Amino acid sequence: MDILSLDPTKFIDLSTMAIIFLFLVGFIGGLVSGFIGSGGAFVLTPGMMSLGVPGTVAVASNMCHKFPKALVGAIKRFRYGQVDVKMGLIMAASAGIGVQIGIHIQRIILDMWGQAGSDLYVSLSFVFVLVFVGGYVMKDAVKCARCGGVEETTALATRLQKIELWPMINFPRSGLRISLWFTLPVGFATGMLAATIAVGGFVGVPGMIYVIGVPGLMASATELVIAFAMGLGGSINWAMHGMVDIRLVLIILGGSLLGVQLGAIGTTYVRPHMIKMVMATIMLIVAVSRGLALPTYLVKLGVMNMGPDTLSLLNKVSFASMCMALLIGSGIILGSMWIGRRAQLAEAA
Amino acid sequence: MATSQSNKKPIGRTILFGALTAAFYTGFFTYGDNIAAHFAQGSFWAAGPIATVFAVSYLHGEFASNLWSVLGIAAISKDAKKTVEATKRPAQRPVLNA
């Protein structure tokens, strides 16, 4: 295999501020990830790049911290009986195929329209998926909250579960039986999205809930199994090309392993619709954030004219709003835990 | 927490895994730049970062888990462990109810 060994002198010098930033984003990202099954990556990669880390090293290091975090989160939530391992493994296998095809599509776009075209494709996918899926999840979460937090299987999932198409698979942990052919597209889309915007969970979790009919709590926990399998494969690949800066990985892991366990504990304090609420909130804020980054790519492609100062300002606002998405998400999680704890204490008294 | 699964707090394990994690991080970052440069050679060196993150997941993961327990933040044991039975598969062959 061709080794693209990175010149180690290109690794950044770690300042105290950089260490604190990575640790904190790791912690908050871990908290959100333990709770909704994905999160944090969309801030960490641009965050590392803003510290001077080359793009590929940022992506590789991010992925290398993601899979052990997902593993620890999955083990924790497995102990709470929330993980459907069988579903996770089947989805991970189809997600693996999705990743390969996603990478292939990216290469075709890169060859045809260059870096700016590729950036535009990534941003448009981000905005489209996040607005469409995030909007739907938010609508459902609000509906769920209004009717007392009772989760119902969607009409689509119920209909699909009734179709007897060989091979039918039993998922006793999720309490459902469905044809393999209906689980494959969800896993495939998760992998495609992971290869495009690096956050496959934004499609994987809603897909499991609304298409397959997995309960929200279980879908978010099962996503951690998929994230682990995809992350491990991707990390080995990146590490063989020498792209992982292990120092960055360990700093982020320091924070995220604390956060992911707290997030996993948090799921036992809240009603299932809170997971949908947090996920939708983060998705919609990130959609706005990526929308603000679109003019940069449109200018690069020559479709739009805009001054460099305005573009720089838009990019700063875009990054700040992504950080805000994580902060608001973690605020909702910690707030819900606090309320849950008070209710528990009041019950015990 | 009122509903923690066990009233006994794992203080000993927290200190043990905390010390091991701290020792690991101190040892690593003493030679951090050097180790990172070696791991960046790719190929078989890929085993380095993967093994390192697994080791940290175990040591720091155990520490973090015990730390939250010691701080009184533990999961509420609801009926989450209940396994829901999947719908029974309909009989494929006719059965004679004689």
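Residues numbered from 1 in each chain as written. Chains lettered and ligands numbered in written order. Predicted model: local features only at pLDDT ≥ 70, side-chain atom pairs only at ≥ 80, totals over all residues. Heavy atoms only, no water.

(A) View of the layout of surface pockets. All names here are of chain A. In this structure, the second largest pocket encloses a volume near 1200 Å³. Along the wall of the second largest pocket there are 50 residues; nearest its centre are Glu151, Ile209, Val214, Pro215 and Gly216. Listed by contribution, the elements that provide at least two residues to the lining of the second largest pocket are helix H4 (85-146), helix H5 (155-162), helix H6 (180-197), helix H7 (201-212) and helix H8 (216-240). Here the lining of the second largest pocket gets seven residues from one element, more than from any other, and that element is H4. In terms of residue class, the lining of the second largest pocket is made up of 27 nonpolar, 12 polar and 11 charged. (1 Å grid on protein atoms, 1.4 Å probe; cavity = no way out; pocket = protein on both sides within 12 Å on 5 of 7 lines; lining within 4 Å. Points joined across faces, edges and corners; volume = space filled by probe spheres on them. Helix = DSSP H or I, 4+ residues; strand = E, 2+ residues; numbered from the N terminus. Nonpolar A, V, L, I, M, F, W, Y, C, P; charged D, E, K, R; others polar.)

(B) Examining the interface of chain A and chain B more closely. At the junction of the two partners, chain A supplies 52 residues and chain B supplies 44 residues. Summing both partners gives a buried area of about 4000 Å² for chain A against chain B, and 69% of it is carried by carbon and sulfur. Applying the counting rule to chain A against chain B returns one salt bridge. The salt bridge partner of B:Asp33 is A:Arg247, with a shortest N-O separation of 2.9 Å. At the boundary of chain A and chain B, one finds 10 residue pairs in polar contact (both at pLDDT 80 or more). Put simply, the parts of the chain that give the side of chain A that touches chain B at least two residues each are helix H3 (55-79), strand E2 (176-179), H8, helix H9 (246-266) and helix H11 (308-348) of chain A. If you tally residues by element for the side of chain A that touches chain B, the top one is H9(A), at 12 residues. Residue classes in the side of chain A that touches chain B are distributed as 33 nonpolar, 11 polar and eight charged. (Contact = heavy atoms within 4.5 Å. Buried area = accessible area lost by both parts, 1.4 Å probe. Salt bridge = Lys/Arg side-chain N within 4 Å of Asp/Glu carboxyl O. Polar contact = N/O pair within 3.5 Å; in protein donor to acceptor, adjacent residues only side chain to side chain.)

(C) Representation of the environment of A:Asn62 in the model. By the element assignment, A:Asn62 lies in helix H3. Separated by 68 residues in the primary sequence, A:Asn62 and A:Leu130 have C-alpha atoms spaced 21 Å apart.

(D) Geometry of the pairing of E2(A). Residue and element names in this part refer to chain A. Of the two faces of E2, both are covered, the one formed by Leu176 and Ile178 as well as the one formed by Arg177 and Ser179. Here strand E1 (residues 168-171) pairs with E2 via four bridges, running antiparallel. What sits directly across from Phe171, in E2, is Leu176. As consecutive antiparallel partners, E1 and E2 are separated by four residues, and within that stretch Gly175 has a phi angle of approximately 70 degrees, a positive value. (Buried < 20%, exposed > 50% of the residue type's maximum accessible area, 1.4 Å probe, protein only. Pairing = 2+ DSSP bridges.)

(E) Here's a closer look at the packing of helix H1 (residues 16-36) of chain A against H11(A). All names here are of chain A. Remark: H1 packs on H11, axes separated minimally by 9 Å, with the N-to-C direction vectors making an angle of 55 degrees. On the basis of the axis angle, H1 is oblique to H11. Classified by chirality, the crossing of H11 by H1 is left-handed. Side by side, H1 and H11 meet where Phe21, Val25, Ile28, Gly29, Leu31, Val32 and Phe35 of the first sit next to Phe319, Leu326, Leu327, Gly329, Ser330, Ile333 and Leu334 of the second. (Axes fitted to C-alpha atoms, helices over the stretch in contact; angles between N-to-C directions. Parallel < 35°, antiparallel > 145°, perpendicular 65-115°, else oblique. Left-handed = near helix turned anticlockwise from the far one by under 90°.)

(F) Local environment of empty space enclosed by the protein. Residues and elements named next belong to chain A. Tallied over the entire structure, the rule returns two cavities of 30 Å³ or more. Its volume calculated, the largest cavity comes out at about 60 Å³. Every residue along the wall of the largest cavity is listed here: Ala41, Thr45, Val59, Asn62, Met63, Lys66 and Ala198. Ranked by residues supplied to the lining of the largest cavity, first place goes to H3 with four residues.

(G) Region of the structure containing the UniProt feature "transmembrane region" (unreviewed entry) in chain B. All names here are of chain B. Under the present numbering, the feature "transmembrane region" (unreviewed entry) in UniProt falls on residues 12-31 and 43-61. The span residues 12-31 shows a helical share of 95% and a strand share of 0%, and its end C-alpha atoms are spaced 29 Å apart. With 79% helix and 0% strand, residues 43-61 has end C-alpha atoms that lie 28 Å from one another. (UniProt positions renumbered as here; feature names shortened; annotations may be inferred.)

(H) Structural detail: the environment of B:Ala55. All names here are of chain B. Among the structural elements, Ala55 can be located in helix H3 (residues 47-70). Given the relative accessible area of 27%, Ala55 is considered partly exposed. Separated by 34 residues in the primary sequence, Ala55 and Thr21 place their C-alpha atoms 9.4 Å from one another.

(I) Local environment of the nonpolar core. Residue and element names in this part refer to chain A. Judged by nonpolar contacts, the single largest core of 105 residues is most densely connected at Phe42, Phe202, Ile212 and Ile282. The biggest single contributor to this core is H9, with 13 residues. Once you skip the residues sitting within four places of it in the chain, Ile282 turns out to touch Val32, Ile36, Phe42, Phe202, Ala325 and Gly329. Counting residues in hydrophobic clusters, the runner-up holds seven residues, among them Val83, Ala221, Val225 and Ala227. (Core = buried A, V, L, I, M, F, W, Y, C linked by side-chain atoms within 4.5 Å.)

(J) Helix H1 (residues 11-30) of chain B, seen in detail. Spanning 20 residues, H1(B) covers 28 Å between terminal C-alpha atoms, matching the ideal 28 Å at 1.5 Å per step. Where H1(B) is concerned, the buried positions are B:Thr14, B:Phe17, B:Gly18, B:Thr21, B:Tyr25 and B:Phe28. Buried residues of H1(B), seen end-on, are gathered within an arc of 110 degrees and therefore sit on one face of the element. What points out from H1(B), more than 90 degrees from its buried face, is the exposed set B:Gly12, B:Ile15, B:Thr26 and B:Thr30. At its buried positions, H1(B) is contacted by H9 of chain A together with helix H2 (32-39) and H3 of chain B. (Expected span 1.5 Å × (residues − 1). Arc of directions from axis to C-beta.)

(K) Inspection of the side chain of A:Gln106 at higher detail. Its place among the elements puts A:Gln106 in helix H4. Take A:Gln106: its relative accessible area is 15%, and that puts it in the buried class.

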